[in-house]
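Summary of structural features
What follows is the residue order along each chain.
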Amino acid sequence: MLEMEKRYCKGDILMELNDENPHKRIEAVKRLDSQEILADVAKSDCDCRVRFQAVKRISDERVLAEIAQNDSNVCVRKQAVFKINDSEVLSGIAKNDSRWMVRKLAASKINDKSLLADIAFSDPSLRVRKEALRKISDEDVLSAVALNDSSWRVRLKAVLKIRDYDVLAEVARRDSNLRIHRIAIKKIRDVKFLTDVAGSDDDELSRIIAVGIIDDASVLVERARKDSSSDVRRAAVEKISDEKILASIVQSDSDAAVRLEAVRKISDEDILVDIATNAPDEEVRRNAVSKIRDESVLIDIVRGDSCGGVREAAAKNIFDESVLVEIAYNDCDGYVRSRAIKNIHDEDVLEDIARNDSFDYARKSAIENITDESVLIQLIRSESDWSVRRVAVEKIQNESAILDIAYNDEDWFVRKCAFEMIDDESISIDFAKNDSKWQIREEAIKKINDIEVLLDIATGDSDWHVREKAVGKIDDNEVLTAIAVEDCSWRVRIEAVRKIDDEGILVEIALNDSC
């Protein structure tokens, strides 16, 4: 009985193989086991898709070789090549197929180094030549390709595999492609060659690459002083450690970025002091000052330098309170005063500055150091700038004062900052229901768990932000459904839908919502 079923089944397959519809023939091929029939289909079917499926099921390499050499369709030939392991057959295909895709696939399966070299030298397609190079390690072959191939992509593939410095140097000298030129230089460690590149190469980036590899201090100093490119000079400065030379570069180089790089490398305090007091460049002086720790020098600088940025850098590392107070009261630059104030701890001075300085940052710096809450509360009541009041609010712990600010400050953002410090739910409910700003009502909802209050706000607040926040804390499907259907804001309706877990309700909303 089983044999009879097989014969019927085979008969059905053979009928389908003769069907005019190629899709039916493909399905028949997928069920076919006979290698003989598969070979016949792969050789004779008029549709390349059917032949392709047949080739996938063929295991006889002689048949596959015939198809790979003779089929008119490139995809069919590729599929046949994919299944072939015979090196002789693959060699013939790699040399003779008319399409580069087939030759490339064949080349990828070849291990014969002489044949691969032949392909790398002679194949008309750069893709096939690159594929052949993938398995080649012979430096002579790689060198010949790197120096002679017409495609820069193939030459690059070869250069990336070459280790011989002499060959790489020759490539760097001869190749007009900058990418190859630079990569060859990057791989070389011959000091003489790199020195020549650093001193005379027309390409700026190549000189930078050479400088990055060179360790000879004399060469680096020469490049740092003489190269026409500021980027090359800066690359050289990055590798120089002699601080006297770096100091001379700070004084003489025409480019600010080079001078700054030199300053960053200097740690000798005497040299830094000389730069900080004599360099004409404001940014250079500022960077030098930031590294000085001698307070007497910093005091002289903060009293005498004409640049606010330099004085600010000096004030940062001054800790003599009398000098700091002098700066805080007398410097004409608000940022310098602010920097000095950050190091002051005398509360009377800080209170005076917080009340009277004309610059808001200076007043903020003073408030940040005040610890007396009663003073902070008074400053909040008298300060006209909301951003300064906010700094003071964040330092207060007194609950009644915080509550008073949350209710009464003229700026809503200050009130919000104060409210964020309150944890009482009943107070939060009052704000959620009555505050004039939606931002504060929305913040209040985060602290409310009373479901009745949340329901009231979710359906009654005038602002969609607030309603949306309240809906996010409700789990009652009936209430959420009503909101999802009735709320005028699509954002609120979406939030309600997001919370509904009844599929029937969701289907009804999906069918009826206009959004």
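Residues numbered from 1 in each chain as written. Predicted model: local features only at pLDDT ≥ 70, side-chain atom pairs only at ≥ 80, totals over all residues. Heavy atoms only, no water.

Some details on the environment of E420
Structurally, the position occupied by E420 is in the loop between α32 (412-419) and α33 (425-434). Looking at E420, the relative accessible area reads 37%, which means it is partly exposed. In this structure, the C-alpha to C-alpha distance between E420 and A444, residues 24 residues apart in sequence, is 8.2 Å. When near neighbours in sequence (up to four residues on either side) are disregarded, E420 contacts E443 and K447. Within polar-contact distance, the side chain of E420 engages the side chain of K416 at 2.8 Å. (Helix = DSSP H or I, 4+ residues; strand = E, 2+ residues; numbered from the N terminus. Buried < 20%, exposed > 50% of the residue type's maximum accessible area, 1.4 Å probe, protein only. Contact = heavy atoms within 4.5 Å. Polar contact = N/O pair within 3.5 Å; in protein donor to acceptor, adjacent residues only side chain to side chain.)

Examining the side chain of S143
Tracing the backbone through its elements, the reader meets S143 in helix α11 (residues 139-148). When its relative accessible area of 10% is taken as the criterion, S143 is described as buried. Ignoring anything within four residues of it in the chain, the contact list for S143 reads I162 and V167.

A short note on helix α36 (residues 464-471)
Those residues of α36 that fall on the buried side of the exposure criterion are H465, V466, R467, A470 and V471. As for α36, its buried residues are in contact with α34 (438-445), α35 (451-460), α37 (477-486) and α38 (490-499).

Brief notes about the packing of helix α20 (residues 256-265) against helix α22 (residues 282-289)
Contact pair α20 / α22: the axes reach a minimum separation of 9 Å and the direction vectors enclose 10 degrees. It follows that α20 is roughly parallel to α22 by the angle criterion. The segment α20 lies against α22, with R259, L260, V263 and R264 engaging E283, V284, N287 and A288. Residue classes in the contact of α20 with α22 are distributed as four nonpolar, one polar and three charged. (Axes fitted to C-alpha atoms, helices over the stretch in contact; angles between N-to-C directions. Parallel < 35°, antiparallel > 145°, perpendicular 65-115°, else oblique. Nonpolar A, V, L, I, M, F, W, Y, C, P; charged D, E, K, R; others polar.)

Side note on the packing of α11 against helix α12 (residues 152-159)
Contact geometry for α11 and α12: axes closest at 8 Å, N-to-C directions at 145 degrees. Note on packing geometry: the crossing formed by α11 with α12 is left-handed. In this structure, α11 contributes L142, V145 and A146 to the contact, and α12 contributes V154, R155, A158 and V159. Considered class by class, the residues forming the contact of α11 with α12 number six nonpolar, no polar and one charged. (Left-handed = near helix turned anticlockwise from the far one by under 90°.)

Brief notes about a positive patch on the surface
Taken together, the side chains of K78, K104, R127, R153 and R179 make up a positively charged region of the molecular surface. Take R127: it is sitting in helix α10 (residues 126-133). The exposure class of R127 is partly exposed, given its relative accessible area of 42%. (Patch = residues over 30% accessible without salt bridge, like charges linked within 9 Å, V, L, I, M, F, W, Y side chains within 5 Å. Areas by Shrake-Rupley, 256 points an atom, 1.4 Å probe, with all protein chains shown as cover. Salt bridge = Lys/Arg side-chain N within 4 Å of Asp/Glu carboxyl O. Lys, Arg positive; Asp, Glu negative; His and termini not counted. Charge placed at Lys NZ, Arg CZ, Asp CG, Glu CD.)

Quick look at helix α13 (residues 165-174)
Among the residues making up α13, those that are buried are V167, L168, A169, V171 and A172. Looking at the packing, one finds that the buried side of α13 touches α11, α12, α14 (178-187) and α15 (191-200). For α13, the capping residue at the N-terminal end is D164, with a side-chain oxygen 2.8 Å from the backbone nitrogen of D166.

Some words on the pattern of salt bridges
Per the counting criterion, the structure on display carries 40 salt bridges. The shortest N-O distance in the salt bridge between D123 and R103 comes to 2.8 Å. One end of the pair, D123, is in the loop between α9 (113-122) and α10; the other, R103, is in helix α8 (residues 100-108), and 20 residues separate them in sequence. By relative accessible area, which is 7% here, D123 ends up buried. The exposure class of R103 is buried, given its relative accessible area of 7%. Residues R303 and E326 are paired through a salt bridge, measuring 2.8 Å at the closest nitrogen-oxygen approach. Of the two residues, R303 sits in helix α23 (residues 295-304) while E326 sits in helix α25 (residues 321-330), which places them 23 residues apart along the sequence.

Topic: the packing of aromatic side chains
Applying the stated rule across the entire model yields seven aromatic pairs. An angle of 25 degrees between the planes, with centres 4.4 Å apart, marks the rings of Y407 and F431 as stacked. Linking Y407 in helix α31 (residues 399-408) with F431 in helix α33, this pair joins segments that are 24 residues apart in sequence. The interplanar angle of 50 degrees and the centroid separation of 4.8 Å between the aromatic rings of F419 and F431 together place this pair among those described as tilted. (Phe/Tyr/Trp six-rings, centres within 6.5 Å; stacked < 30°, edge-to-face > 60°.)

Focus on the environment of V466
Checked against the element boundaries, V466 lands in helix α36. Using a relative accessible area of 0% as the deciding quantity, one classes V466 as buried. As a C-alpha pair, V466 and S229 span 237 residues in sequence and 60 Å in three-dimensional space. Setting aside chain neighbours within four positions, we find V466 in contact with W438, R441, E442, I445, I457 and D461.

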